[in-house]
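Summary of the model geometry
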Amino acid sequence: MTATKPDAPPRPAPAVAPSESRWRIRLRRDRSLLLMTLPAVVLLAVFAYVPMLGLITAFQSYDIYSGFWYSPLVGIDNFERLFDDSIFWHALSNTLVISAVQLVLYFPVPIALALVFNEIVNTRIRSFVQSVVYLPHFFSWVLVVTVFQEMLGGAGALNTMLRRHGWATWDIMTDPEAFKYLVTAQAVWKEAGWGVIVFLAALAAIDQSLYEAAAADGAGRWRRLWHITLPGMRGVIVLMLVLRLGNALTVGFEQMLIQRQAVGRDASEVLDTFAYYYGVVNNNFSYGAAAGLFKGVLSLILVLAANKLAHAFGEDGLYRK
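Attention in this report is confined to the structure presented alongside it. Residue positions are counted from 1 within each chain, in the order its sequence is given. For this predicted model, a pLDDT threshold of at least 70 governs which residues receive local features, and a threshold of 80 or more governs which side-chain atom pairs are given and counted, while totals over whole chains, interfaces and linings are taken from all residues. Heavy atoms from the whole structure form the basis of all side-chain values; hydrogens and water molecules are not counted.

1. Here we look at the overall build of the protein chain
Secondary structure follows DSSP: runs of H or I at least 4 residues long count as helices, runs of E at least 2 residues long count as strands, and numbering of each begins at the N terminus. Helix and strand counts for the protein chain stand at 16 helices and zero strands. A radius of gyration in this sense is built from C-alpha atoms; the matching globule rule multiplies 2.2 Å by the number of residues raised to 0.38. In summary, the protein chain has a C-alpha radius of gyration of 28 Å against a globular reference of 20 Å for 321 residues, an excess of more than 25%. With the C-alpha coordinates of the protein chain rotated into their principal frame, the extents come out at 120 × 70 × 35 Å. Each residue is placed in one exposure class: buried if its accessible area under a 1.4 Å probe, protein chains only, is under 20% of its type's maximum, exposed if it is over 50%, and partly exposed if it falls in between. Counting all 321 residues of the protein chain, 32% fall into the buried class. Surface accessibility follows the Shrake-Rupley procedure with a 1.4 Å probe radius. Residue values consider only the protein chains on display as shielding. Element-wise, carbon and sulfur atoms account for 66% of the exposed surface of the protein chain, whose accessible area totals about 21,000 Å². In this tally, Lys and Arg are treated as positive and Asp and Glu as negative; His is ignored, and so are the chain termini. Each charge is placed at NZ for Lys, CZ for Arg, CG for Asp and CD for Glu. Charge centroids of the protein chain, computed over 26 positive and 23 negative side chains, lie 12 Å from each other.

The following block contains the structure:
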């Protein structure tokens with residue numbers, strides 16, 4: 001008989017690696033993902049965060065020849081002048097009015113289009129319609145305004161038809177009262193199709209078994225839409241609404257600039273054009289920077305308030321509470 005060796009004692013568990021080692025493991029594990037995100041991070045840093053250093057000009061009497069280091073500090077003088085400027089308050093009022101109109105008339109359009117596309121069974125027809133609706137996103141604002149001019153301008157298709165029938169004409173492109181609705185229609189035609197992509201992704205994430213169970217219980221199309229589709233999209237809708245409110249003070253600089261001469265300054269002056277004309281064009285860079293900083297701070301407040309409201313209604317918003 002051969003003697004059997006006793007069982008070897010169990011090896012002690014390895015010691016927990018220090019935090020530095022854990023970070024190295026994570027970096028090694030996620031190296032590919034980090035490399036993929038690196039170009040986006042660099043672009044964001046170069047074009048978003050580095051330019052923020054220029055906000056110091058809002059507190060200076062900035063001279064382009066003296067630069068940041070030698071321009072004298074003036075404290076909040078630029079903001080005091082800004083808040084005493086009636087043109088600035090008119091630009092802010094125009095911005096809020098146009099943003100409110102776009103929130104009511106533009107924001108629901110991508111949601112409605114996503115619901116319509118989701119109901120198209122034939123994949124070829126759906127792909128064709130989606131491509132047609134996406135296409136204007138790639139047009140420049142110059143081309144978009146030109147298309148609307150050809151359709152709604154004084155010599156456009158609409159007024160040509162009205163003249164042919166002996167009816168009164170209406171040059172919408174030069175009507176200051178209709179301008180806020182005109183720019184909203186242009187934004188809808190150009191960007192609504194592109195905004196559909198996010199909501200189609202939200203629809204694709206809804207469990208299809210819910211529709212099958214609802215149909216088996218006798219729920220019709222409208223009930224399935226109300227009780228399954230819309231609740232399934234609610235989180236994305238709230239997120240996009242929060243982002244939209246944060247971008248409420250940006251209503252299209254190039255779009256306003258192109259049509260400024262046609263409708264006049266009173267109708268088209270917004271915060272972006274105010275900062276451009278009264279800051280850059282007049283070589284008063286500190287004044288324009290003060291207007292831009294005010295817009296940024298107010299946008300941040302709108303985002304935080306909208307996100308807080310989303311949390312109050314039980315939604316995630318930008319992040320989970």
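2. Here we look at the pattern of salt bridges
Salt bridge, as applied in this entry: a Lys or Arg side-chain nitrogen positioned within 4 Å of an Asp or Glu carboxyl oxygen. For the structure on display, the rule yields five salt bridges. The salt bridge partner of Asp-30 is Arg-29, with a shortest N-O separation of 3.2 Å. Arg-29 gets classed as exposed once you look at its relative accessible area, which sits at 60%. For Asp-272, the salt bridge goes to Lys-295, with nearest N and O atoms at 2.7 Å. Taken together, the residues span a long stretch of sequence, with Asp-272 in helix H15 (residues 271-281) and Lys-295 in helix H16 (residues 285-312) at a distance of 23 residues.

3. Digging into the side chain of Glu-269
Following the sequence through the fold, Glu-269 ends up in the loop between helix H14 (265-268) and H15. Using a relative accessible area of 0% as the deciding quantity, one classes Glu-269 as buried. Of note is the side chain of Glu-269, whose polar atom sits 2.6 Å from the side chain of Thr-273. The criterion used for residue contact is that any of the two residues' heavy atoms lie within 4.5 Å. Discounting chain neighbours no more than four positions away, the residues touching Glu-269 are Ile-87, His-90, Ala-91, Asn-94, Arg-260, Phe-274 and Tyr-278. Here a polar contact is taken to be a pair of N or O atoms separated by no more than 3.5 Å, where protein atoms must pair a possible hydrogen donor with a possible acceptor and residues adjacent in sequence count only if both atoms sit in side chains.

4. As for the environment of Asn-78
Checked against the element boundaries, Asn-78 lands in helix H4 (residues 77-83). The residues contacting Asn-78, other than those within four sequence positions of it, are Thr-57, Ala-58, Phe-59, Gln-60, Ser-286, Tyr-287 and Ala-290. Reaching out from Asn-78, the side chain makes a polar contact with the backbone oxygen of Gln-60 at a distance of 3.0 Å.

5. Some words on the environment of Arg-221
Relative to the helices and strands, Arg-221 resides in helix H12 (residues 221-246). The class of Arg-221 is exposed, set by a relative accessible area of 55%. For the pair Arg-221 and Tyr-211, spaced 10 residues apart in sequence, the C-alpha to C-alpha distance is 9.4 Å.

6. Here we look at the layout of surface pockets
Of the grid points, spaced at 1 Å and generated over the protein atoms alone, those admitting a 1.4 Å probe that cannot get out make up cavities, while open sets with protein on both sides within 12 Å along at least five of seven lines make up pockets; any residue with an atom within 4 Å of a point is treated as lining. Grid points are joined across faces, edges and corners, and a volume is the space filled by probe spheres set on the points. Taken as a whole, the largest pocket encloses approximately 550 Å³ of empty space. Gln-102, Tyr-106, Glu-191, Arg-244 and Asn-247 are the residues nearest the centre of the largest pocket, which is lined by 19 residues in total. Sorting the residues of the lining of the largest pocket by element identifies helix H10 (179-204) and H12 as the ones contributing at least two each. Among the elements that make up the lining of the largest pocket, the one with the highest residue count is H10 (six residues).

7. Concerning H12
Its axis deflected by about 45° at Arg-234, H12 carries its strongest bend there. Within the sequence span of H12, burial applies to Ile-228, Thr-229, Met-233, Ile-237, Val-238, Val-242, Arg-244 and Gly-246. Values of bend correspond, residue by residue, to the angle between axes fitted over the seven residues ending at that residue and the seven starting there.

8. A word on unusual backbone geometry
Positive phi, normally seen in glycine, also occurs at Asn-283, with a value near 60°. The residue Asn-283 is located in the loop between H15 and H16 in this model.

9. Re the packing of aromatic side chains
The way to describe two aromatic rings as a pair is by their centre distance and the angle between their planes. Stacked, tilted and edge-to-face are the three classes applied to pairs of Phe, Tyr and Trp rings, where Trp contributes its six-membered ring and a pair requires centres within 6.5 Å; stacked means planes under 30 degrees apart, edge-to-face means over 60, and tilted covers the rest. All told, the structure shown has 17 aromatic pairs when counted by the stated rule. Here the aromatic rings of Phe-83 and Phe-294 are separated by 5.6 Å at their centres, their planes lie at 70°, and the arrangement is edge-to-face. With a gap of 211 residues between them, Phe-83 in helix H4 and Phe-294 in helix H16 connect regions that are remote in the sequence. Clustering of aromatic rings is evident, with ring pairs tying together Phe-83, Phe-88, Trp-89, Phe-274, Tyr-278, Tyr-287 and Phe-294. Working rule: Lys NZ or Arg CZ, within 6 Å of ring centre, within 35 degrees of ring normal, means a charge sits over the ring. Of note, Arg-81 hangs over the ring of Tyr-287, and the distance from its end group to the ring centre comes to 4.4 Å. Positioned above the aromatic ring of Trp-141, the side-chain terminus of Lys-190 is 5.2 Å from the ring centre.

10. A word on the packing of helix H6 (residues 108-119) against H10
Note on method: axes are straight lines fitted to C-alpha atoms, helices fitted across the in-contact stretch only, with angles between N-to-C directions ranging 0 to 180 degrees. The N-to-C vectors of H6 and H10 enclose an angle of 60°; their axes lie 7 Å apart at closest approach. Between H6 and H10, the interaxial angle falls into the category oblique. At the point where H6 passes H10, the crossing takes the right-handed sense. Contact residues: H6 offers Val-109, Pro-110, Ile-111, Leu-113, Ala-114, Leu-115, Phe-117 and Asn-118, while H10 offers Val-188, Ala-192, Gly-195, Val-196, Phe-199, Leu-200 and Leu-203. Polar here means any residue outside two lists: the nonpolar Ala, Val, Leu, Ile, Met, Phe, Trp, Tyr, Cys and Pro, and the charged Asp, Glu, Lys and Arg; Gly therefore counts as polar. Class assignment of the residues belonging to the contact of H6 with H10 gives a composition of 13 nonpolar, two polar and no charged. Relative orientations are named as follows: roughly parallel for angles under 35 degrees, roughly antiparallel for angles over 145 degrees, roughly perpendicular for angles from 65 to 115 degrees, and oblique for any other angle. Take the far helix as your reference; a near helix turned counterclockwise from it by less than a right angle gives a left-handed crossing, and one turned clockwise gives a right-handed crossing.

11. Re the nonpolar core
Counting residues in each nonpolar core, the largest one holds 18 residues, and the members touching the most others are Ile-111, Leu-200, Leu-203 and Met-233. Sorting the residues of this core by element identifies H6, H10, helix H11 (208-216) and H12 as the ones contributing at least two each. Per-element accounting of this core gives the leading share, five residues, to H10. Note on terminology: a nonpolar core comprises buried Ala, Val, Leu, Ile, Met, Phe, Trp, Tyr and Cys residues joined through side-chain atoms within 4.5 Å.

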